[in-house]
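Summary of structural features
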Amino acid sequence: MEVSVNLVEDKLNLSENAIKVLEKRYLKRDKDGKCTETPADMFRRVAKTIAEGDFKFDKSQADVYKLTERFYEAITNCYFMPNSPTLMNAGRELGQLAACFVLPVEDSLEGIFETVKNTALIHKSGGGTGFSFSRLRPKNSVVRSTMGVSSGPVSFMEVFNAATEAVKQGGTRRGANMGILRVDHPDILDFINCKADNNRLNNFNISVAITDKFMEALKNGTDYELINPQNNTVAGKLSAKKVFDMIVDGAWRNGEPGIIFIDKMNSDNPTPLVGQIESTNPCGEVPLLAYEACNLGSINLGKMVKADGTVDWDLLGKTTRTAIRFLDNVIAVNNYPLPQISEMVQNNRKIGLGVMGWADMLMKMGISYASAEGTKLAGQVMEFIDYESKCESIELSKERGRFNNFKGSVYDGKNFLYNKYKGKSAGIISDEQWKELDSQIEKYGIRNATTTCIAPTGTISMIAGASGGVEPLFGLVFSRLIMDGTEMLEVNPIFKDYAVKHGFYSEDLMKEIAKTGSVAHVAGVPEEVKKIFVTAHDVSPYWHVKMQAAFQLHTDNAVSKTVNFEEHATRKDIEEAYVLAYENNLKGITVYRNNSRQFQPMNLDDKKKTDEAKQAEAETPVQDDKEEEYNPTGEVKTVTCPECGNTIEMAEGCFICLNCGYSGCS
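Within every chain, residues take consecutive numbers counted from 1 along the sequence as written. Only residues with pLDDT of at least 70 are given local features in this predicted model, and only at 80 or more are side-chain atom pairs given and counted; all residues enter the totals for whole chains, interfaces and linings. Just so you know, side-chain values use all the structure's heavy atoms and leave hydrogens and water out.

A look at the overall build of the protein chain
Convention followed: Secondary structure elements are defined from DSSP: runs of H or I of at least 4 residues count as helices, runs of E of at least 2 residues count as strands, and each element is numbered from the N terminus. We call a residue buried when its accessible area falls under 20% of the maximum for its residue type, exposed when it is over 50%, and partly exposed in between, using a 1.4 Å probe and counting protein chains only. Any two residues whose heavy atoms approach within 4.5 Å at even a single point are treated as in contact.
Counting its regular elements, the protein chain contains 23 helices and 21 strands. With 666 residues in all, the protein chain has 59% of them scored as buried. Taking all contacts inside the protein chain whose residues are at least 6 apart in sequence as the whole, residues at least 24 apart take part in 73%.

Structure, rendered in structure tokens:
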């Protein structure tokens, strides 16, 4: 594609790869497809548009200019990055800046197809959608108006899937959906199996909404009740263990379904009088009421480390407050695709500030991801961000007013934050500091019903040159084929600097590491290095879950993360991760066993894959006399990223290209 501006001269501190991503998906183009802005132009456009939201609050031109510079500095230094729709659409005709939405699915043909229509409008605007199908009557229920029978929730999911397939998202983002069904819905068994075929419902992530009652029945080895949503009567019983085993089996086979703990989500619902939470966005990190939207952004933690290897708390605090002000202004200037969404968002003003570059921070500080020291730091960092975000939201409330649904919310009472965090300090914010914030909220209110959320950062982490979300790295060294067919090694810069400084860097060693991406079993690498520079498959499921839990404690919404399993992992391994997630108060969990989907590209050498497949075949029993899909030869259909042809991995709750940031969720 011909480029009409000099991108390289205006690259700021961006990598060549980041520039390519921006050029392909973000920068303005003319009618001939030529880029008409540089990355700096784009960042300026975004900073200026969002800062101009202050005009709605009687700020002067000088104030807006000052705020524009503040936003521009945070973004161009890659301290903070808003979600992709904001980068793409701020200051442009579409003007739709939110990432994801939740829509209601009512139990009527008119209601269902009204939602299908609204879904198409949202996808056209670049957003993703989440639904709960739990209100729909079970299949074979009588439809009084026609005396026919209902086809059930799963059949209507096919309708939504087909509509998504038909809508192109403005050429920049493809449609993505989350489909959720409560575990006590009579059609739950059909739902659990609806994605057993990898070619079915490809525009959906699916998750089972697990209740506390179900988990209690599982613990006690008893049956639990199925509830007909038409009349809330008991429609039968199922063995909790049998259903749980089916969920685990599906997750073992291809990562579907995921699970969310719906009662935990509602226990943290900030506006219970407005409604109950039934669904999340496509990657599961934002529990939302019907017609709510998520306005998200992420702090780059890799940039929050001083030269001496300690956390730069001052910079982190400053960046947090800038980001919260930015995200509240996004709501002020956003052009929502439906009036119902605009109204609901204005009333609750939920925003979600998260993080990326977590693995970078740990590596720079010499701390292992799979360690108590790592989870302790995670708790401290998120506690600090949570506190600073609430401080800034209170300041915004002083200036602009509290969110409209404040009355009756969790904040409308004494000591909400103190009671929530009492005795749980990670050592950064004291109980008394939370109590002082409560007194400020009682006096001034708070601007946003939620302030924190850890979302996938696939593409924006590429732009920022950061590791994704709160995930470990997927590889320290990659081997890439460039256009003339030659092989090029891409070495993680933090690892490379460390290896050079400590005297063990060599091209031959890097080539050896590139075979798997990991140093875990590579000779010539010091043991201390193997602890610090772990990759996703080096980290045990236990530490994946514990790390997610450390971030979840001080995250208002939820945490999008994948627990990565080696190919030889058993169903029992996944079962244990699910139970551990529940016991650690997670709101949901996504697991993925390597190579368990046919379309995942091969990223292990054939011998290792064959050995692991044979081991898994020997160790893993066949359940319920079903034929296994496992191929002991280790051969997997190879499908690469549709945008750049490189490797796609499962991380942050969805499939992400490690080269260009293309995401299966966006």
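Now that the structure has been shown, the text picks up again.
Describing the pairing of strand β8 (residues 223-228)
Using the following cut-off: One requirement defines pairing of two strands: DSSP has to find at least two bridges between them.
Both β8 and strand β9 (residues 233-239) contribute to a ladder of 6 bridges, which runs antiparallel. Within β9, the position partnered with leucine 226 by the bridge is glycine 236. Counting the residues between successive antiparallel strands, the hairpin from β8 to β9 contains 4 residues, one of them, asparagine 232, with a positive phi of roughly 60°.

Some points on empty space enclosed by the protein
Using a probe with the size of a water molecule, rolled over the atoms, empty space left in the structure can be pinpointed. Going by this rule: A cavity here means a set of points on a 1 Å grid, drawn over the protein atoms and nothing else, where a 1.4 Å probe fits but cannot get out; a pocket is an open set with protein on both sides within 12 Å along at least five of seven lines, and a residue lines either one if it has an atom within 4 Å of a point. Grid points are joined across faces, edges and corners, and a volume is the space filled by probe spheres set on the points. Amino acid classes used here: Ala, Val, Leu, Ile, Met, Phe, Trp, Tyr, Cys and Pro are nonpolar; Asp, Glu, Lys and Arg are charged; the rest, including Gly, are polar.
By the definition in use, this model includes 4 cavities of 30 Å³ or more. Counted as a void, the second largest cavity has a volume near 220 Å³. If you go around the second largest cavity, you meet 26 residues; those closest to its centre are Met178, Ser207, Cys283, Ile589 and Thr590. Contributing elements (two or more residues each) for the lining of the second largest cavity: β7 (204-210), β10 (258-261), α21 (541-552) and β19 (588-593). Tallied by class, the residues present in the lining of the second largest cavity amount to 11 nonpolar, 11 polar and 4 charged.

Regarding the pattern of salt bridges
Stated formally: When a carboxyl oxygen of Asp or Glu lies within 4 Å of a side-chain nitrogen of Lys or Arg, that pair is called a salt bridge.
For the structure shown, the criterion picks out 31 salt bridges. With its nearest N and O atoms 3.6 Å apart, the salt bridge here joins lysine 530 to glutamate 527. Highlighted residues: lysine 530 and glutamate 527, both in helix α20 (residues 527-532), separated by 3 residues, approximately one helical turn. When its relative accessible area of 18% is taken as the criterion, lysine 530 is described as buried.

As for the environment of tyrosine 578
Its place among the elements puts tyrosine 578 in helix α22 (residues 571-583). Tyrosine 578 sits in the buried class, given a relative accessible area of 1%. Residues tyrosine 578 and proline 541, spaced 37 residues apart in sequence, show a C-alpha to C-alpha distance of 10.0 Å. Discounting residues that sit within four places of it in the chain, tyrosine 578 has contacts with Phe244, Ile247, Val248, Ala251, Pro257, Gly258, Ile259, Phe261, Ile589 and Val591.

Remarks on the confidence of the model for the protein chain
Applied cut-off: For every residue, the pLDDT score states the predictor's confidence, bounded by 0 at the bottom and 100 at the top.
When pLDDT is averaged across the protein chain, the result is 89; 87% of the residues are at 70 or more. Predicted confidence is poor over residues 599-639, with pLDDT under 50, and the contacts of this stretch with residues over four places away or in other chains come to 81 contacts.

Focus: helix α2 (residues 39-51)
Selection criterion: By this rule, a helix spans an expected 1.5 Å times one less than how many residues it contains.
In this model, α2 (13 residues) spans 18 Å end to end at C-alpha, consistent with the 18 Å of a helix rising 1.5 Å per residue. For α2, the buried fraction is high: 10 of the 13 residues fall into the buried class. When we look at burial in α2, the residues that qualify are Pro39, Ala40, Met42, Phe43, Arg45, Val46, Ala47, Thr49, Ile50 and Ala51. Buried residues in α2 make contact with α1 (16-25), α3 (61-76), β1 (80-82), α4 (84-89), α11 (313-333) and α17 (458-464).

Remarks on the nonpolar core
It is characteristic of soluble globular proteins that their nonpolar side chains tend to be buried jointly. Going by this rule: Grouping buried Ala, Val, Leu, Ile, Met, Phe, Trp, Tyr and Cys residues that are joined through side-chain atoms within 4.5 Å yields what is termed a nonpolar core.
Met81, Ile188, Tyr224, Leu301, Trp358, Phe551 and Tyr578 are the most contacted members of the largest nonpolar core, which has 129 residues in total. If we ignore the near neighbours within four places in the chain, the residues touching leucine 301 are Leu316, Val355, Met356, Gly357, Trp358, Met361, Val381 and Ile385.

Considerations on the sheet that holds strand β15 (residues 352-356)
Here is the rule: Only the stretch in contact is used when a helix axis is fitted, and all axes are lines through C-alpha atoms; the angle between N-to-C directions ranges over 0 to 180 degrees.
Strand order across the open sheet formed by 3 strands is β1-β14-β15, with mixed pairing between neighbours. Strands with a single pairing partner mark the edges of an open sheet, and in this sheet they are β1 and β15. Strand-to-strand twist of the sheet, defined as the mean angle between neighbouring strand axes without regard to direction, takes the value 25°. In this sheet, strand β14 (residues 296-300) lies alongside β1 in antiparallel orientation, the contact comprising 3 bridges. What sits directly across from methionine 81, in β14, is serine 298.

Overview of the packing of aromatic side chains
So the rule is basically this: Working definition: a ring pair exists when centres of Phe, Tyr or Trp rings (six-membered ring for Trp) sit within 6.5 Å. Plane angles under 30 degrees give stacked, over 60 give edge-to-face, the rest tilted.
The final tally for this structure, using the stated rule, is 21 aromatic pairs. Pairing tryptophan 358 with phenylalanine 551 gives two aromatic rings, centres 5.1 Å apart and planes at 90°, and the pair type is edge-to-face. Of the two residues, tryptophan 358 is situated in helix α13 (residues 358-365) and phenylalanine 551 in helix α21; the sequence distance between them amounts to 193 residues. Among the aromatic residues, those joined into a ring-pair cluster are Phe131, Phe133, Phe160 and Phe204.

Some points on the side chain of arginine 45
Selection rule: Under the rule applied, a polar contact is a pair of N or O atoms within 3.5 Å (in protein, one hydrogen donor and one hydrogen acceptor; residues adjacent in sequence only if both atoms are side-chain atoms).
Note that arginine 45 resides in helix α2. A distance of 2.7 Å separates polar atoms of two side chains, one belonging to arginine 45 and the other to glutamate 37. Not counting residues up to four positions away in its chain, the partners in contact with arginine 45 are Tyr26, Lys28, Glu37, Leu87, Met88, Asn89, Ala90, Gly91 and Arg92.

Things to note about the environment of leucine 97
As for its placement among the helices and strands, leucine 97 is situated in the loop between α4 and β2 (100-102). Assessed through its relative accessible area of 1%, leucine 97 is described here as buried. For the pair formed by leucine 97 and threonine 86, sequence separation is 11 residues and the distance between their alpha carbons is 4.3 Å. Once you skip the residues sitting within four places of it in the chain, leucine 97 turns out to touch Ile50, Asn83, Pro85, Thr86, Asn89, Ala90, Asn295, Val330, Val333 and Asn334.

Points about unusual backbone geometry
A cis geometry characterises the amide bond from glutamate 256 onward to proline 257, with omega recorded as 5°. Structurally, proline 257 is set in the loop between α9 (240-254) and β10. The phi dihedral of asparagine 140 is positive, around 70°, even though this residue is not glycine. Here asparagine 140 is to be found in the loop between β3 (128-132) and β4 (142-143). Positive phi is not limited to glycine here, since asparagine 585 has a value of about 65°.

Some details on the environment of threonine 375
Secondary-structure assignment places threonine 375 in helix α14 (residues 372-400). Given a relative accessible area of 15%, threonine 375 falls into the buried group. Along the chain, threonine 375 and alanine 549 lie 174 residues apart, while their C-alpha atoms are 8.5 Å from each other. Residue contacts for threonine 375: discarding those within four places in its chain leaves Trp543, Lys546, Met547 and Ala550.

With respect to the side chain of arginine 349
By the element assignment, arginine 349 lies in the loop between α12 (339-348) and β15. Its relative accessible area of 4% is what places arginine 349 among the buried residues. At a separation of 3.1 Å, a polar atom in the side chain of arginine 349 contacts the side chain of glutamine 346.

A closer look at the sheet that holds β10
Reading across from one edge, β13-β2-β3-β6-β7-β10-β19-β18 is the order of the 8 strands in this open sheet, with mixed pairing throughout. Of all the strands in the sheet, the pair left with one neighbour each is β13 (293-294) and β18 (562-565). By the bridge criterion, 3 bridges tie β2 to β3 in an arrangement that is parallel. The residue bridging cysteine 100 from the neighbouring strand is glycine 128, located in β3. Strands in contact with helix α5 (residues 109-124) are β2, β3 and β6 (177-182); relative to β3, the strand with the most contacts, it is inclined by about 155°.

Details of the packing of α9 against α22
In helix packing, the relevant descriptors are the interaxial angle and the interaxial distance, both defined with respect to the helix axes. As a reminder of what qualifies: Oblique is the label for any angle not covered by the other classes, which are roughly parallel (under 35 degrees), roughly antiparallel (over 145) and roughly perpendicular (65 to 115). Here is the rule for handedness: rotate from the far helix to the near one, and if that takes an anticlockwise turn smaller than a right angle the crossing is left-handed, while a clockwise turn gives right-handed.
α22 packs onto α9 with a crossing angle of 115° between their chain directions and a minimal axis gap of 9 Å. Put simply, α9 runs roughly perpendicular to α22. Note on packing geometry: the crossing formed by α9 with α22 is right-handed. For the pair α9 and α22, contact is made by Phe244, Asp245, Ile247, Val248, Asp249, Ala251, Trp252 and Arg253 and by Arg571, Ile574, Glu575, Tyr578 and Val579, respectively. Broken down by class, the residue content of the contact of α9 with α22 amounts to 8 nonpolar, no polar and 5 charged.

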